[in-house]
Amino acid sequence: MYRVTDVMTKQVVYLPAETPLDEAARVMKESDIGDVVVTDGATLAGVLTDRDIVVRAVAEGVDPSTTTIGSIITREVVMIEQHCTAAEAASLMRERSIRRVLVCDNERKLVGIVSLGDLAIQLDPDSALSDISQAPPNS
């Protein structure tokens, strides 16, 4: 039985809410990730995903060089404890209709992010989602 800690991405990228969208997109591309955790000073402000950029910014025609990530982030942060099972994480994602969950330790400190793709790779390695979620060779 897999635990969230076994499947999560441990490298969390943080960006301040004042970061312009185009810079956040570059960070995501260079880090080969689809999300960043957004901070407002020392406070966790929310999560920005590649989908947020597309749906809330590009599709709305905003200027990515002057629009800040804080203006389009998902502020409702959903967390799961790192020792929960991967099945519990999948159930939480299904229940909340989300693709990513922040992972915390028992002191509520952020220790990672688990995505639907992470779960697919571990729980159903032969699935189409698993195939597209894995890094291509020579990447």
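All values reported here derive from a predicted model rather than from experimental measurement. (Residues numbered from 1 in each chain as written. Predicted model: local features only at pLDDT ≥ 70, side-chain atom pairs only at ≥ 80, totals over all residues. Heavy atoms only, no water.)

1. Some details on the pairing of strand β6 (residues 110-115)
Here is step 1 of the chain: Of all 6 residues making up β6, 5 are buried, and the element is well covered by its neighbours.
Here is step 2 of the chain: In this sheet, β6 lies alongside strand β5 (residues 100-104) in antiparallel orientation, the contact comprising 5 bridges. The residue of β6 that forms the bridge with Arg100 is Ser115.
Here is step 3 of the chain: Taking the residues between adjacent antiparallel strands as the criterion, β5 and β6 are bridged by 5 residues, where Arg108 takes a positive phi near 65 degrees. (Buried < 20%, exposed > 50% of the residue type's maximum accessible area, 1.4 Å probe, protein only. Helix = DSSP H or I, 4+ residues; strand = E, 2+ residues; numbered from the N terminus. Pairing = 2+ DSSP bridges.)

2. Points about the packing of helix α4 (residues 86-96) against helix α5 (residues 116-123)
Here is step 1 of the chain: The geometry of α4 relative to α5 is characterised by a closest axis approach of 10 Å and an angle of 140 degrees between their N-to-C directions. Considered as vectors, α4 and α5 are oriented oblique to each other. For the crossing formed where α4 meets α5, the hand is left-handed. In this structure, α4 uses Ala86, Ala89, Ala90 and Met93 to contact α5, whose residues at the interface are Leu116, Leu119 and Leu123.
Here is step 2 of the chain: Here the contact of α4 with α5 is built from residues that sort into 7 nonpolar, no polar and no charged. (Axes fitted to C-alpha atoms, helices over the stretch in contact; angles between N-to-C directions. Parallel < 35°, antiparallel > 145°, perpendicular 65-115°, else oblique. Left-handed = near helix turned anticlockwise from the far one by under 90°. Contact = heavy atoms within 4.5 Å. Nonpolar A, V, L, I, M, F, W, Y, C, P; charged D, E, K, R; others polar.)

3. Some thoughts on the pattern of salt bridges
Here is step 1 of the chain: Under the counting rule described, the total for this entry stands at 4 salt bridges.
Here is step 2 of the chain: The salt bridge partner of Arg100 is Asp50, with a shortest N-O separation of 3.8 Å. Taken together, the residues Arg100 in strand β5 and Asp50 in helix α3 (residues 50-58) connect sequence positions 50 residues apart.
Here is step 3 of the chain: In this structure Asp50 comes out as partly exposed when scored by relative accessible area, which is 38%.
Here is step 4 of the chain: With a shortest N-O distance of 2.1 Å, Glu76 and Arg96 are connected by a salt bridge. Of the two residues, Glu76 is situated in the loop between α3 and β4 (79-81) and Arg96 in helix α4; the sequence distance between them amounts to 20 residues.
Here is step 5 of the chain: Among the residues examined, Arg96 registers a relative accessible area of 36% and is labelled partly exposed.
Here is step 6 of the chain: The structure contains a network of salt bridges with shared partners spanning Asp35, Asp50 and Arg100. (Salt bridge = Lys/Arg side-chain N within 4 Å of Asp/Glu carboxyl O.)

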